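If you want the building blocks of each chain, they are given just below.
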Amino acid sequence: EAGVAQSPRYKIIEKRQSVAFWCNPISGHATLYWYQQILGQGPKLLIQFQNNGVVDDSQLPKDRFSAERLKGVDSTLKIQPAKLEDSAVYLCASSGNRGPRQFFGPGTRLTVL
Amino acid sequence: SQQGEEDPQALSIQEGENATMNCSYKTSINNLQWYRQNSGRGLVHLILIRSNEREKHSGRLRVTLDTSKKSSSLLITASRAADTASYFCATDVDNTDKLIFGTGTRLQVFP
């Protein structure tokens, strides 16, 4: 089966600019997660979707971050405006109904200058 | 916030040696998972151990779980250069699918 797809793989922007990341989960996976991984740390959950509804967005900085999952499949994560501290790898993961295991995409490495 | 703390933060060994990394967590769990992350890549699931299990094996991997001490260990036997990666433990939260990851152990295996 095809894995979780993410694009772009790399993005460099200047602070105060906007950026968007795209994720396509494994076919049939109802749950989709966005994580932020700062260099040297473990991934931190930003938002969790179940189909196209938000389950948990308690760690999402909503003043600048937004995410949507239209039609319960693809998802986009947007940052507007970006800050220097947003430099990180943004990981998308999905899971099905066969257990708590999550499947991760390759991530998008964001550098904010 | 990070649920788990992993120890050591970094580990360097020779091929053929065993590697042991430890994870401690703070709250009660239903299960604990271990993931591997190669440099610049996403995470790959290695193994899951449930709270009522004490030990689990998968190939060269052995995981133990001590819920009384809120700790787990991952043993990689007969390590290979290809095992070079960061290893993270992750625990579920409040009976949900949500995971909280530890800080990770960076393993370097020299040929």
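Residues numbered from 1 in each chain as written. Chains lettered and ligands numbered in written order. Predicted model: local features only at pLDDT ≥ 70, side-chain atom pairs only at ≥ 80, totals over all residues. Heavy atoms only, no water.

Asks: Quick question: what am I supposed to make of the environment of Gly4(B) here?
Replies: Within the secondary structure layout, Gly4(B) lies in the segment before β1 (5-7). Ignoring anything within four residues of it in the chain, the contact list for Gly4(B) reads Ser24(B), Tyr25(B), Phe101(B), Gly102(B) and Thr103(B). (Helix = DSSP H or I, 4+ residues; strand = E, 2+ residues; numbered from the N terminus. Contact = heavy atoms within 4.5 Å.)

Asks: Explanation requested: the pairing of strand β8 (residues 75-79) of chain A in the structure shown.
Replies: Every other side chain in a regular strand lies on the same face of the sheet, so the side chains alternate between the two faces. Residue and element names in this part refer to chain A. Along β8, the buried face is formed by Ser 75, Leu 77 and Ile 79; none of Thr 76 and Lys 78, which line the opposite face, is buried. Pairing of strand β7 (residues 65-68) with β8 involves four bridges; the strand directions are antiparallel. Residue Ala 67 lies in a different strand from β8, and its bridge partner there is Leu 77. Counting the residues between successive antiparallel strands, the hairpin from β7 to β8 contains six residues, one of them, Lys 71, with a positive phi of roughly 65°. (Buried < 20%, exposed > 50% of the residue type's maximum accessible area, 1.4 Å probe, protein only. Pairing = 2+ DSSP bridges.)

Asks: Would you take a moment to explain the layout of surface pockets for this structure?
Replies: A probe as big as a water molecule, rolled over the atoms, marks out the empty space that is left. Counted as a void, the largest pocket has a volume near 670 Å³. Contributing to the lining of the largest pocket are 32 residues, with Gln37(A), Leu39(A), Gly40(A), Arg109(A) and Gln37(B) lying nearest its centre. Of all the secondary structure elements, the ones that give two or more residues to the lining of the largest pocket are β9 (88-95) and β11 (108-112) of chain A together with β9 (85-92) and β11 (105-110) of chain B. Residue composition of the lining of the largest pocket, grouped by class: ten nonpolar, 18 polar and four charged. Its boundaries defined by the atoms lining it, the second largest pocket holds a volume of some 280 Å³. If you trace the second largest pocket, you find 13 residues lining it, with His29(A), Gly96(A), Arg98(A), Gly99(A) and Phe103(A) closest to the centre. The class makeup of the residues in the lining of the second largest pocket is three nonpolar, six polar and four charged. (1 Å grid on protein atoms, 1.4 Å probe; cavity = no way out; pocket = protein on both sides within 12 Å on 5 of 7 lines; lining within 4 Å. Points joined across faces, edges and corners; volume = space filled by probe spheres on them. Nonpolar A, V, L, I, M, F, W, Y, C, P; charged D, E, K, R; others polar.)

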